[in-house]
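Chain residues, written in single-letter form:
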Amino acid sequence: MSDVKVEHKSGITRSELAQWMADLGKELSGAGTVHFRLAESTVELGVPDDIRFEAEVEVDGDTVELEIELKWSTARKPARTTGEKGS
């Protein structure tokens with residue numbers, strides 16, 4: 001896959017955010033392909049079973065930032081061999 005970055009920033013209600021996150025969660029619990037809306041586009045991603053998860057909370061005066069990051073590799077893992085080693 002070539003390098004791609006899609007970014008969207010907007011103000012939404014807490015209820016709208018909850019629905020977006022619930023929809024994303026439902027997609028993540030599926031078969032490994034995730035579809036979600038981002039700005040005026042629909043993004044489709046292949047997501048493996050193992051994901052790196054990071055959450056960060058930062059409070060600066062009267063501003064709170066909650067950052068959630070999901071990261072995974074798109075590289076294919078080498079096939080495992082089932083043969084026994086020599087005796």
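Notes on the structure follow. (Residues numbered from 1 in each chain as written. Predicted model: local features only at pLDDT ≥ 70, side-chain atom pairs only at ≥ 80, totals over all residues. Heavy atoms only, no water.)

**A look at unusual backbone geometry**
1) Next: A positive phi angle, close to 60°, is found at A39, a residue other than glycine.
2) Next: Among the structural elements, A39 can be located in the loop between strand 1 (33-38) and strand 2 (41-46).
3) Next: Its relative accessible area of 35% is what places A39 among the partly exposed residues. (Helix = DSSP H or I, 4+ residues; strand = E, 2+ residues; numbered from the N terminus. Buried < 20%, exposed > 50% of the residue type's maximum accessible area, 1.4 Å probe, protein only.)

**So, the nonpolar core**
1) Next: Counting residues in hydrophobic clusters, the biggest one holds six residues: L24, V34, F36, L38, V43 and V47.
2) Next: Among the elements that make up this core, the one with the highest residue count is strand 1 (three residues).
3) Next: Contacts of L38, omitting those with residues within four sequence positions, involve V6, H8 and V43. (Core = buried A, V, L, I, M, F, W, Y, C linked by side-chain atoms within 4.5 Å. Contact = heavy atoms within 4.5 Å.)

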